[in-house]
Amino acid sequence: MLQAALSDGTAERHCVFEVFTRRLPPGRRYGVLAGTGRVLEALPTFRFRTRELDWLRAHSVVDERTLDYLADYRFTGSITGFAEGEVFFPQSPVMVVEGTFAEAVLLETLVLSILNYDSAVASAASRMTSAAVDRPCLEMGARRANEQAAVAAARAAVVGGFAGTSNLEAGLRYGLDTIGTAAHAFTLLHDDEESAFASQVATHGVGTTLLVDTYDVHRGVERAVRAAGTGLGAVRLDSGDLGALAVDVRRQLDSLGATDTKIVVTSDLDEYAIASLAAAPVDTYGVGTRVVTGSGAPTCGMVYKLVARADSTGMLKPVAKASTAKTSRGGLKAAARRFGDDGRAVEEIVLTGRDLAVRDWDPESEDGDVRPLHVPLVVDGAVDSRWVGSYGVQNAVDRHHEARAELPRGARRLSEGEPAIPTVVRDVG
C-alpha cells in the first residue's frame, strides 16, 4: 500500500484512522482499554534501520523509493484517545490517529497488536478483581505466555486491578509491586517438608508464604506453624477443593493460634472460580493462565480503519467500507459518556459530522452530565509523558478504578448480557 501510494501521489494525503471494536466478546458487558502507554513508548523507536532495510531490499519486498521513505520514517502526526484504564463499548473510538496516509498506515499492526492483547488481559483482570471484591488478586501467568507477552500481561493485569505480579521484568520496567512463593519443587528438593519450611523461614522470615499441599494439607499446616510460629504470614493452597480446604485450613490455623495467618489460593483460577470462593475464608487469589489468555477472550477484536481522508483538493472527506458484515461509520469522531442523577453512566455518545463541528464540540452544550473521553496522547509527533512508564501505569490504574465505579449497577455481573450502556452515534452537523 505504501509503495503504491508513494507512486500515485496519495501517500501525503491527510488521513484519520480510528481504533474501535464492533462488538464485545460474548458475555462481556464492558471492555477495559490497556496498552496505550506501551504504544506511546514504542512510537519513538518505531524505525526502519539498516538491517531491516537490507532484508526488504534483498527480498524485493518494496522498491528503492519506498526504502528511501522508510529509512527516514518518523511519525509526526497526532493521536488522541481514551485514557488508558477507561472502559469501552462497541463503536467506542478508543484511539484516533491523524497524519499522512504513509505515516499512519504503517502503525496499524503496531497499534492493534498491543491494544488487542493488553485490553483483553485488562478486561479479564477487571472481571476477576470485581469478583474478588476487596481481596487482592496477584498475577502469576508468565509461564503461560510468550516471554514478551508475559511482561505486557503483568502490566495490563495491574491496570485491570491486580495488586501485583510475579514477573520481575514487569516490576523493573513499570514499577509494579512484585510477589512470589516457593514452588512444590522446593519442598521436593528437601528430605522432608519440615526441612523445606525451616529453610524458607530462615531465609525469608516468618512473614513468608508456605506452600502446604505438596503431601498432606493438614500435616503441612501443622509443620508450617511449627516452623514459623503463630506469626506465619500465609499458607498457599494449590490443589483440591479450594473452598472446602480453605474452611478447614482456617479452622486449623485458628486452633493453632495462627489467627492472623492468611490463606492464598492458586490453581487455574478465573473470575467464575473466584466468585465461587466468595464465602470461603480466602484472603488472596493467585491467577495465572486465565488472566494472561484473556479468560476465554484472547483479543478484543479491535480494528484500525481509515474514516476520513483529504481529497484531491485538500478537503477532509469521511470514508467507510460498505460491507454489511463489517460496518463502520466514516468521519472524524469525538466521544463522551453521559451520566444519570446517581452519577452512574447511562450512555456512550459517539459524535461525528463535519470536521470543524466535531473538533469544536463542547460538552457543556449537552443536556445533563456529560464527560468527554478523548485526551491528547501525541501532538505533532511528541508523546505526552503522562501516559508512559510507571507514572502512566498508575494513572491507568486510577482511571480504571474510577471508570468501573461509574458503571451502572449490574454491569459487573459475570452472567451473559448486553453491554452495560448503549452506544449512540450522533451527527453534530
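In case you missed it, the structure is sitting above this.
Predicted model only: the values in this text are computed from it and were never measured.

1. Quick notes on the overall build of the chain
Point 1. In terms of regular secondary structure, the chain is built from 16 helices and 19 strands.
Point 2. Residues counted as buried form 51% of the 429 residues belonging to the chain.
Point 3. Of the contacts formed within the chain by residues at least 6 apart in sequence, a portion of 74% connects residues at least 24 apart.
Point 4. Only carbon and sulfur atoms are counted for the fraction: they give 51% of the accessible area of the chain, which is about 19100 Å².

2. Here we look at the sheet that holds strand S1 (residues 14-21)
Point 1. Ordered in space as S13-S12-S1-S5-S3-S17-S18, the 7 strands form an open sheet in which the pairing is antiparallel. Here the strands that pair on one side only, and so sit at the sheet edges, are strand S13 (316-318) and strand S18 (382-383).
Point 2. Bridge count between strand S3 (residues 78-82) and strand S5 (residues 95-100): 4 bridges; the pairing is antiparallel. Note on S5: the bridge partner recorded for Gly81 is Met95.
Point 3. Along the sheet face, helix H6 (residues 108-132) touches S1, S5 and strand S12 (302-310) and points at about 140° away from the line of S12.

3. Considerations on H6
Point 1. Helix length check: H6, at 25 residues, gives a terminal C-alpha distance of 36 Å against a target of 36 Å (1.5 Å per residue), a fit within 8%.
Point 2. The buried fraction of H6 amounts to 22 of the 25 residues, a majority that puts the element mostly inside the structure.
Point 3. Just past H6, the residue Val133 takes up positive phi, approximately 60°.

4. Quick look at helix H10 (residues 193-204)
For an α-helix, 3.6 residues make a turn, and residues three or four places apart therefore share a direction.
Point 1. Here H10 spans 16 Å end to end across 12 residues, near enough to the 16 Å set by a 1.5 Å rise per residue.
Point 2. For H10, the complete set of buried residues consists of Glu193, Ala196, Phe197, Gln200 and Val201. Down the axis of H10, the smallest arc covering the buried residues is 125°, so these residues share one side. What points out from H10, more than 90 degrees from its buried face, is the exposed set Ala202 and Thr203.
Point 3. The secondary structure elements touched by the buried residues of H10 are helix H9 (184-189), strand S8 (209-211) and helix H11 (217-228).

5. Points about the environment of His14
Point 1. Along the chain, the position of His14 falls in strand S1.
Point 2. Here His14 falls in the partly exposed class, since its relative accessible area comes to 34%.
Point 3. Taking the C-alpha atoms as reference points, His14 and Gly314, separated by 300 residues in sequence, lie 8.0 Å from one another.
Point 4. Excluding residues within four positions of it along the chain, His14 makes contact with Glu98, Gly99, Thr100, Ala308, Arg309, Ala310 and Leu316.
Point 5. At a separation of 2.9 Å, a polar atom in the side chain of His14 contacts the side chain of Glu98.

6. Structural notes on the sheet that holds strand S10 (residues 262-265)
Point 1. Pairing within the open sheet is parallel, and its 6 strands lie in the order S7-S6-S11-S10-S9-S8. Each edge of the open sheet carries a strand with a single partner, namely strand S7 (164-165) and S8.
Point 2. Both strand S6 (residues 137-139) and S7 contribute to a ladder of 2 bridges, which runs parallel. Looking at S7, one finds that Glu139 is bridged to Thr165.

7. Examining the state of the cysteines
Point 1. Enumeration over the complete set of coordinates arrives at 0 disulfides.
Point 2. No disulfide involves Cys300; its sulfur sits 19 Å from the nearest other cysteine sulfur, which is in Cys137.

8. Quick notes on the packing of aromatic side chains
Point 1. Scanning the entire structure with this criterion turns up 6 aromatic pairs.
Point 2. When the centroid spacing of 5.8 Å and the interplanar angle of 70° are considered together, the rings of Phe46 and Phe48 count as edge-to-face.
Point 3. Between the aromatic rings of Phe48 and Tyr73, the centroid separation amounts to 6.2 Å while the plane-to-plane angle is 85°, which identifies the pairing as edge-to-face. In this pair, Phe48 is assigned in the loop between helix H2 (36-42) and helix H3 (50-58) and Tyr73 in the loop between helix H4 (64-71) and S3, connecting sequence segments 25 residues apart. Both residues of the pair, Phe48 and Tyr73, belong to the buried class.
Point 4. Put simply, the rings of Phe46, Phe48, Tyr69 and Tyr73 touch in pairs and so form one group of aromatic residues.
Point 5. Over the aromatic face of Tyr174 sits the side chain of Arg155, whose NZ or CZ is 5.1 Å from the ring centroid.

9. Re the side chain of Thr165
Point 1. Residue placement: Thr165 occurs in strand S7.
Point 2. From its side chain, Thr165 meets the backbone nitrogen of Asn167 in a polar contact 3.0 Å long.
Point 3. Filtering out sequence-adjacent residues up to four positions away, Thr165 remains in contact with Glu139, Ala154, Ala170, Leu176, Asp177, Thr178 and Ile179.

10. So, unusual backbone geometry
Point 1. With phi around 100°, Ser267 is a residue other than glycine that occupies positive phi space.
Point 2. Within the secondary structure, Ser267 is located in the loop between S10 and helix H13 (271-276).
Point 3. The phi torsion at Ser295 lies on the positive side, around 50°, for a residue other than glycine.
Point 4. Among the structural elements, Ser295 can be located in the loop between helix H14 (289-292) and S12.
Point 5. According to the relative accessible area criterion, Ser295 is buried, its value standing at 7%.

Conventions and cut-offs
- Residues numbered from 1 in each chain as written.
- Predicted model: local features only at pLDDT ≥ 70, side-chain atom pairs only at ≥ 80, totals over all residues.
- Heavy atoms only, no water.
- Helix = DSSP H or I, 4+ residues; strand = E, 2+ residues; numbered from the N terminus.
- Buried < 20%, exposed > 50% of the residue type's maximum accessible area, 1.4 Å probe, protein only.
- Contact = heavy atoms within 4.5 Å.
- Areas by Shrake-Rupley, 256 points an atom, 1.4 Å probe, with all protein chains shown as cover.
- Pairing = 2+ DSSP bridges.
- Axes fitted to C-alpha atoms, helices over the stretch in contact; angles between N-to-C directions.
- Expected span 1.5 Å × (residues − 1).
- Arc of directions from axis to C-beta.
- Polar contact = N/O pair within 3.5 Å; in protein donor to acceptor, adjacent residues only side chain to side chain.
- Disulfide = S-S within 2.5 Å.
- Phe/Tyr/Trp six-rings, centres within 6.5 Å; stacked < 30°, edge-to-face > 60°.
- Lys NZ or Arg CZ within 6 Å of the ring centre and 35° of its normal.

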